[in-house]
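# Structural features, examined
Read off the chains here:
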Amino acid sequence: MKQKMKVKRVAIMFVSLVVMSGCATYHITTTSLLEQLATSQPEKKINYIVALPIVFPGVVTGNSLKEIKVFDKDEHECIIPVSRQTGVRITKKDGTRKTFYFDTLLVKDSTITGKNDHFFGVNITPINLNNVDKIELQNR
C-alpha cells in the first residue's frame, strides 16, 4: 500500500512539473514584429466546433506566420512555432494589457488588431503601434 502512495506522489509531482513548464513566455520588439509580419499575408483560418450531430465552422482572418523569432527571459534569440494556442499579450504605455491569439494578429494602418477566439471572430479594440510598450508571446 505504501508503495502505491509513493508511486502516486511521484506521478503527481511529474505531472505538475510538466504542466508548470509547459508554457514559456517570450518577448519581441515592435520593430521586429513589423519586420516579420511584412513577409506574411492575411489568411482565413477555419476551425470547427463539433457538437455531434452538428458541426459549426468558425472562420477568422489572421497572419500566415508559421514561426517567429523572439527572445527568452535571458535575452537569447529563439524561433518558436506559431500555433492556434500561441498567445500574445500587449502592454500599452498606460499599463493596460490586451491578450489574444497571435495567429489572428494583423497590422493595418499603424494599428494592431486580433481576435479573442478562433470561432466567432470577436475583435479586440485596435491598438495603436505608438502606444505599445511591450509585446509578449506565450507558446503552449
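Residues numbered from 1 in each chain as written. Predicted model: local features only at pLDDT ≥ 70, side-chain atom pairs only at ≥ 80, totals over all residues. Heavy atoms only, no water.

### A word on the sheet that holds strand β10 (residues 127–128)
As a reminder, the rule being used: By the convention used here, strands pair only if DSSP detects at least 2 bridges between them. A run of DSSP states H or I qualifies as a helix once it reaches four residues; a run of E qualifies as a strand once it reaches two. Both are numbered from the N-terminal end.
The strand order across the open sheet formed by three strands is β8-β9-β10, and the pairing between neighbours is antiparallel. The strands lining the two open edges of the sheet, one partner per strand, are β8 (106–108) and β10. By the bridge criterion, two bridges tie strand β9 (residues 111–113) to β10 in an arrangement that is antiparallel. What sits directly across from I112, in β10, is I127.

### Quick notes on the pattern of salt bridges
Spelled out, the test is: Any Lys or Arg side-chain nitrogen found within 4 Å of a carboxyl oxygen on Asp or Glu counts as a salt bridge. Remark: exposure states derive from per-residue accessible area (1.4 Å probe, protein chains only) relative to the maximum for the residue type, with buried under 20%, exposed over 50%, and partly exposed in between.
On inspection of all chains with the given rule, the structure shows four salt bridges. Two residues, E43 and K66, come together in a salt bridge whose shortest N-O distance is 3.6 Å. Placement of E43 in strand β2 (residues 43–51) and of K66 in the loop between β3 (54–62) and β4 (67–71) is noted, with a sequence separation of 23 residues between them. When the shortest N-O distance is used, the salt bridge between R89 and E136 registers 2.9 Å. Pair noted here: R89 is in strand β6 (residues 87–92) and E136 is in strand β11 (residues 132–139), with a separation of 47 residues, a long-range link. You can call R89 partly exposed: its relative accessible area is 28%. Here the salt bridges share partners, and the residues they tie into one network are E43, K45 and K66.

### Observations concerning the nonpolar core
What counts here: What is meant by a nonpolar core is a set of buried Ala, Val, Leu, Ile, Met, Phe, Trp, Tyr and Cys residues, joined one to another through side-chain atoms within 4.5 Å. The contact criterion used throughout is that any non-hydrogen atoms of two residues lie within 4.5 Å.
With 22 residues, the main nonpolar core has I68, F102 and L137 as its most contacted residues. With three residues, the top contributor of residues to this core is β11. Apart from residues no more than four positions distant in its own chain, I68 is found in contact with I28, L33, Q36, C78, I79, I80, V82, F102 and L137.

### Looking at the confidence of the model for the chain
Close inspection of predicted coordinates is inappropriate for parts of the model with low pLDDT. What counts, and what does not: For every residue, the predictor states its confidence as a pLDDT score lying anywhere from 0 to 100.
Looking at the chain as a whole, its pLDDT mean stands at 86, while 84% of the residues score no less than 70. Counting contacts from residues 14–21, a segment whose pLDDT is below 50, to residues more than four positions away or on other chains yields zero contacts.

### A few points about the side chain of D72
Selection rule: His is not counted, nor are the chain ends; Lys and Arg add positive charge and Asp and Glu add negative charge. In protein, a polar contact means a hydrogen-donor-capable atom and an acceptor-capable atom, both N or O and within 3.5 Å, with residues adjacent in sequence counting only if both atoms are side-chain atoms; elsewhere, any N or O pair within 3.5 Å suffices.
Summarising the element assignment, D72 is placed in the loop between β4 and β5 (77–81). One buried charge, D72, has no salt-bridge partner; the nearest side chain with opposite charge is K73, at 8.0 Å. One polar contact links the side chain of D72 to the main-chain amide nitrogen of H76, over a distance of 2.8 Å. With residues up to four places along the chain from it excluded, the contact list for D72 reads Y26, H27 and C78.

### Quick notes on helix α2 (residues 30–37)
To be explicit about the condition: What the arc describes is the spread of directions from the helix axis to the C-beta atoms.
Taken together, the buried positions of α2 are S32, L33, Q36 and L37. In a view along the axis of α2, the buried residues occupy a sector of 130 degrees, so they form one face of it. Along α2, the residues that are exposed and aim more than 90 degrees away from the buried face are T31 and E35. Buried residues belonging to α2 abut β1 (24–28), β4, β8 and β11.

### Focus: the side chain of T86
Inspection of the secondary structure puts T86 in the loop between β5 and β6. Take T86: its relative accessible area is 0%, and that puts it in the buried class. A polar contact is formed between the side chain of T86 and the backbone nitrogen of S83, at a distance of 3.0 Å. Residues in contact with T86, not counting those within four places in the same chain, are P81, F100, Y101, F102, D103, L137, Q138 and N139.

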